[in-house]
Amino acid sequence: MDLKGKWLQRSRWWLIFTVSALPVSLLVYSAVNQQLGADPAKEIVLELGTWAINFLWITLAITPVRKMFGWNWLAKYRRMMGLYSFVYAALHLLAFATFMVGWNWKILIIEITERPYAIVGFIALLLLLPLAVTSTKAMQRRLKKRWSTLHKLVYPIALLSLLHIIWQIRSDFSEALTYGLLLCFLLGYRFYQSRLKSASSVKRSAGGIKLKTQTN
Amino acid sequence: MLIKQRQQILSSEITSESVYKQRRVFMKSALGLAGAIASSNVAALTNYPQEDDSPKYPGPNWLQDKLQSSITPSGFQAKDKLTPYKDVISYNNFYEFGFDKSEPAKRAQKFITDPWKVEISGEVGKPGVYNLEDFVQPHTLEERIYRMRCVEGWSMVIPWVGIPLADVLKRFEPTSKAKYVEFTTLHDPKQMPQQNSLFGTLDWPYVEGLRMDEAMNPLAFLATGLYGQGLPPQNGAPLRLVVPWKYGFKNIKSIVKIRFTEHMPVNTWNKTAPREYGFYANVNPEVDHPRWSQATERRLPSSLFSPNRIETLPFYGYAEQVAHLYKGMDLTKWI
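Please read all numbers here as calculations on a predicted model, not as lab measurements. (Residues numbered from 1 in each chain as written. Chains lettered and ligands numbered in written order. Predicted model: local features only at pLDDT ≥ 70, side-chain atom pairs only at ≥ 80, totals over all residues.)

## So, the nonpolar core
- Residues Trp160, Val181, Phe221, Ala223, Leu226 and Trp245 of chain B are the most contacted members of the largest nonpolar core, which totals 72 residues.
- For this core, the element with the most residues is strand S6 (residues 154-164) of chain B, which contributes 5 residues.
- The contact partners of tryptophan 160 of chain B, leaving out residues within four places of it in the chain, are Glu143, Arg144, Tyr146, Phe221, Ala223, Leu226 and Val242 of chain B.
- Val45, Phe86, Phe99 and Leu160 of chain A belong to the second largest nonpolar core, which has 34 residues in total. (Core = buried A, V, L, I, M, F, W, Y, C linked by C-beta atoms within 7 Å. Buried ≥ 20, exposed ≤ 12 C-beta atoms within 10 Å, placed from the backbone. Helix = DSSP H or I, 4+ residues; strand = E, 2+ residues; numbered from the N terminus. Contact = placed C-beta atoms within 7 Å.)

## Concerning unusual backbone geometry
All names here are of chain B.
- Geometrically, the link from tryptophan 204 to proline 205 is a cis peptide bond, its omega value of 0° lying close to zero.
- Within the secondary structure, proline 205 sits in the loop between strand S7 (180-185) and strand S8 (207-211).
- In this structure, proline 238 follows alanine 237 across a cis peptide bond, with omega equal to -5°.
- Looking at the element boundaries, proline 238 is found in the loop between strand S10 (229-230) and strand S11 (240-242).
- The phi angle at tyrosine 227 is positive, at roughly 50°, despite the residue not being glycine.

## A short note on the interface of chain B and chain A
- Contact with chain B, which involves 26 residues of that partner, is made by 23 residues of chain A.
- Class assignment of the residues belonging to the side of chain B that touches chain A gives a composition of 12 nonpolar, 9 polar and 5 charged. (Nonpolar A, V, L, I, M, F, W, Y, C, P; charged D, E, K, R; others polar.)

## Focus on the pairing of strand S13 (residues 296-299) of chain B
All names here are of chain B.
- Where S6 meets S13, 2 bridges bridge the pair, whose relative direction is parallel. Across the sheet, the residue bridging to serine 155 is arginine 299, located in S13.
- When S13 meets strand S14 (residues 309-311), the two strands line up antiparallel, connected through 3 bridges. Counterpart to threonine 296 in the pairing with S14 is glutamate 311. (Pairing = 2+ DSSP bridges.)

Rendered as structure tokens:
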């Protein structure tokens with residue numbers, strides 16, 4: 001790759017990295033300037049959680065978008081998006097425990113165990129942890145085939161995250177519906193692709209048999 | 001020689017004794033000297049500092065006039081620290097104007113609350129449609145500082161201005177068949193955009209209800225204002241219910257109908273999710289919402305340095321006044 005291409009790629013990396021950090025930066029700015037209203041704690045927790053899910057959905061969208069539009073450069077950013085999702089989710093829990101519960105362990109345990117949506121959210125974050133830890137290239141090499149098996153955990157994590165939203169609905173279900181439809185599409189695409197793949201491999205093997213009979 | 005005579009003081013210029021005495025009383029009460037009104041247990045409406053540049057809601061003229069002679073009865077003032085005015089008027093659950101708590105303050109500003117009519121119907125001697133002014137006029141406005149606990153787990157302390165519900169209801173002479181009172185919010189999708197929403201599970205208009213003895217309890221209150229002024233639209237202008245021993249959603253806003261009934265009304269949240277919200281909705285730390293604990297609450301405004309989390313009291317600390325209403329009832333069943 002020439003020097004110019006390398007520079008372009010590097011600036012694109014920094015751009016995406018910076019833009020992804022904007023939500024949390026804006027949140028810190030608004031909190032410092034007291035623009036978060038009567039309940040800044042909840043505002044922060046909600047915003048961080050929303051972005052954790054946004055980045056998870058973006059991570060899942062990378063492959064379909066890359067294939068549909070032929071934007072192969074996107075593949076490089078799947079790890080970054082996944083890690084951002086983990087960071088926002090971790091900050092989300094940290095903000096909840098700090099700003100809403102004040103690290104009162106008794107209340108924290110009640111809050112997490114008595115709110116079913118909190119339980120599934122907590123499990124989703126726990127499952128994200130091994131994915132974040134094994135996200136490096138070195139780990140990818142070390143785990144070989146097991147790496148992609150392990151990272152299939154992203155699907156149950158996404159479903160748990162959706163459940164986390166659904167179980168919080170009081171009346172308005174527009175947000176849950178939007179995330180749900182998007183996830184249907186993202187998972188549906190994969191299902192469709194794998195069907196295509198297995199169909200074509202069946203065809204190939206069927207063709208093979210045919211060929212065999214012919215030679216006989 | 002002309003001797004200039006000292007000008008005579010006209011008798012009309014002399015302050016009469018009665019006026020002089022009135023003035024003394026006025027000054028004493030203005031200074032808050034208890035002795036001046038020792039025989040009475042009422043005081044003038046609290047003056048609130050103009051703390052910020054938040055919008056003000058003086059209310060219609062007749063209300064402004066009435067506010068001048070409002071009183072603050074003793075015994076209805078929570079000792080808790082007041083939630084600042086700006087938070088009370090900017091953090092609201094008023095789904096007709098949006099699901100987000102900041103939306104009502106943004107989207108309800110053009111809501112027309114004057115003129116306003118209230119329809120009285122059902123098991124009652126004097127049914128009819130009344131102008132709000134006539135509805136309120138016979139009563140003295142009172143100020144009451146009540147705590148308010150939302151079923152979602154946050155709470156505020158608000159100085160309401162309004163009239164005791166019992167006094168109002170009695171005026172319309174409920175019959176012996178009137179066992180419950182049903183309240184209905186305005187249904188006007190043109191003004192209340194969320195009543196058109198495709199993504200909500202609530203049926204409009206919003207309906208709430210009280211058992212007759214609950215409605216007649218001295219704590220039950222109809223607010224026409226807060227913080228010494230009119231009621232902001234986002235807080236349920238021009239008329240809203242305040243029943244502080246119950247979860248906030250019982251405090252129905254922008255009331256247009258009051259109906260006396262023999263049978264228990266079906267309140268909106270109970271209709272939407274009967275497993276989660278009952279008819280009574282008394283604040284009860286022992287009975288959790290199916291999806292979260294009700295043992296504690298966060299008193300707003302919350303600060304990032306302290307979550308302001310406090311333990312929730314049964315009947316929200318008003319057990320002395322209302323617990324007897326539910327004697328013999330299983331309150332784990334009658335949520």
